[in-house]
Amino acid sequence: MNGFTGIGVIIPTIDEIEDVKEVVSIILSTCKKEDISDISLIYSPFSDDGFVNYLHSLKELYPDTVFNIACQPGRGVGDAVRYGITLSRGSHIVMIGADMENDPHDISVMARLSKEHPDKIITGSRNLHKEGFSEYPRIKTVINRAFQLFLKIFFRTKGTDVTYLFQSTPIDIIKEHKFLCPEAFVLELALLAETKKLPSIEFPSKVYRRQHGSSHLTFRYYLGFIKAVFRIFFKSKKE
């Protein structure tokens, strides 16, 4: 581990024109300039030209920040994050949604903890925050808690919120790990500290209700996580 040199922030996006600017603005106003190495805005093949032009205009608003703006290969959040990682210049990686469901203020917390503990995964936990799920839809909260219990039994997890991919991960760990389930990359990355028994630190984090538009993640997407859990489990056992 070479220590902390900055966080590469990856923001997968499709059409969140009302929120993506606010996400970027909060990150840059609450983090020290040297703590953010670059911001990767990875848009979908389905994003329209107007939205792509809007993303490029953000570079003019924040000329002192390095932006990587690119269309993702493949489809889905996992492919977007994987591609964003290849573009990043940071020693650590954070993925944050473009819809303000994750709290952009938390990235400054991750930066501080990553500087103090550069070899550890720093991860947000909604279960450590007294209002962590207060704005989350009730049915999604119930499903999430059931899935967390399933993983706790299956992997013997110790983390309090192991499905929440809102974490600062040392890029060396990502590069050294052989990901076994590309179609569920987001889940496997979230589980990395547990499946590989890596050192990690949790901090309280709250998830917010989406204010604009609707989620592009379908029930089928989440259902695929259950299938992925078995693949990750049995493949990791073989290794």
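For the structure itself, consult the block above.
Owing to the predicted nature of the structure, the values given are computational and were not obtained by experimental measurement.

This next bit is on the environment of Asp38. Here Asp38 shows up in strand 2 (residues 36–43). The spatial distance from the C-alpha of Asp38 to the C-alpha of Arg126 is 26 Å, given a sequence separation of 88 residues. Beyond its immediate sequence surroundings of up to four residues, Asp38 is in contact with Ile7, Gly8, Val9, Val66, Asn68, Leu87, Ser88, Arg89 and Gly90. Here Arg89 takes part through its backbone nitrogen, which lies 2.9 Å from a polar atom of the side chain of Asp38.

So, about the pairing of strand 3 (residues 67–71). Taken across its five residues, strand 3 has four buried, putting it largely inside the fold. As judged from the five bridges shared by strand 2 and strand 3, these two strands associate in the parallel manner. The residue bridging Ser40 from the neighbouring strand is Asn68, located in strand 3. Where the polypeptide runs from strand 2 across helix 2 (residues 49–61) and back to strand 3, its parallel neighbour, the crossover connection is right-handed.

For the structure shown, the criterion picks out four salt bridges. Note that Asp35 is salt-bridged to Lys115, the shortest N-O span being 3.1 Å. Of the two residues, Asp35 sits in the loop between helix 1 (20–30) and strand 2 while Lys115 sits in helix 4 (residues 106–116), which places them 80 residues apart along the sequence. Of the residues examined, Lys115 reaches a relative accessible area of 36% and is grouped as partly exposed. Two residues, Lys206 and Glu131, come together in a salt bridge whose shortest N-O distance is 3.5 Å.

This part is about the packing of aromatic side chains. Following the criterion strictly, the structure yields five aromatic pairs and no others. Aromatic side chains Tyr62 and Phe67 sit 6.5 Å apart centroid to centroid with 40° between the ring planes, which places their arrangement in the tilted category. The pair Tyr62 / Phe67 is uniform in exposure class, with both members buried. When the ring of Phe179 is compared with that of Phe185, the centres are 4.7 Å apart and the planes differ by 50°; the resulting orientation is tilted. In this structure, Phe179 and Phe185 share a single accessibility class: buried. Arg126 extends its terminal NZ or CZ atom over the ring of Tyr136, reaching a point 5.9 Å from the ring centre.

Next up on the list: helix 1. Buried within helix 1 are the following residues: Val20, Val23, Val24, Ile26 and Ile27. Projected down its long axis, helix 1 shows its buried positions confined to an angular sector of 165°, all on one face. Residues of helix 1 that are buried sit in contact with strand 1 (7–13), strand 2, helix 2, strand 3 and helix 4.

This part takes up the sheet that holds strand 1. As summarised here, the arrangement of the seven strands in space is 3-2-1-4-6-5-7, forming an open sheet in which the pairing is mixed. Two strands lie at the open edges of the sheet, namely strand 3 and strand 7 (200–204), each paired on one side alone. Each adjacent strand pair in this sheet contributes to an overall mean axis angle of 20°, direction not counted. Of the strand pairs in this sheet, strand 1 and strand 4 (residues 92–95) are connected by four bridges, and their pairing is parallel. Bridging across to strand 4, Ile10 finds its partner in Met95. Strands strand 1, strand 2 and strand 3 of the sheet are contacted by helix 1, whose axis makes an angle of about 170° with strand 2.

Within the secondary structure, Glu16 sits in the loop between strand 1 and helix 1. The spatial distance from the C-alpha of Glu16 to the C-alpha of Asp99 is 6.1 Å, given a sequence separation of 83 residues.

Here helix 3 (residues 76–87) contains twelve residues, and its C-alpha end-to-end distance of 17 Å stays within 8% of the 16 Å for a straight helix at 1.5 Å per residue. If you check which residues of helix 3 are buried, you get Gly78, Ala80, Val81, Gly84 and Ile85. Down the axis of helix 3, the sector holding all buried residues measures 165°, keeping them to one side. The secondary structure elements touched by the buried residues of helix 3 are strand 1, strand 2, strand 4, helix 6 (171–176) and helix 7 (185–190).

On the secondary structure map, Ser205 appears in the loop between strand 7 and helix 9 (219–238). Engagement of the side chain of Ser205 in a polar contact is seen with the side chain of Asp106, the distance being 2.7 Å. Not counting chain neighbours up to four residues away, the residues in contact with Ser205 comprise Asp106, Gly124, Ser125, Arg126, His129, Gly132, Tyr164 and Phe166.

Reading the values: the criteria
- Residues numbered from 1 in each chain as written.
- Predicted model: local features only at pLDDT ≥ 70, side-chain atom pairs only at ≥ 80, totals over all residues.
- Heavy atoms only, no water.
- Helix = DSSP H or I, 4+ residues; strand = E, 2+ residues; numbered from the N terminus.
- Contact = heavy atoms within 4.5 Å.
- Polar contact = N/O pair within 3.5 Å; in protein donor to acceptor, adjacent residues only side chain to side chain.
- Buried < 20%, exposed > 50% of the residue type's maximum accessible area, 1.4 Å probe, protein only.
- Pairing = 2+ DSSP bridges.
- Right-handed = clockwise from strand over helix to strand, strands pointing away.
- Salt bridge = Lys/Arg side-chain N within 4 Å of Asp/Glu carboxyl O.
- Phe/Tyr/Trp six-rings, centres within 6.5 Å; stacked < 30°, edge-to-face > 60°.
- Lys NZ or Arg CZ within 6 Å of the ring centre and 35° of its normal.
- Arc of directions from axis to C-beta.
- Axes fitted to C-alpha atoms, helices over the stretch in contact; angles between N-to-C directions.
- Expected span 1.5 Å × (residues − 1).

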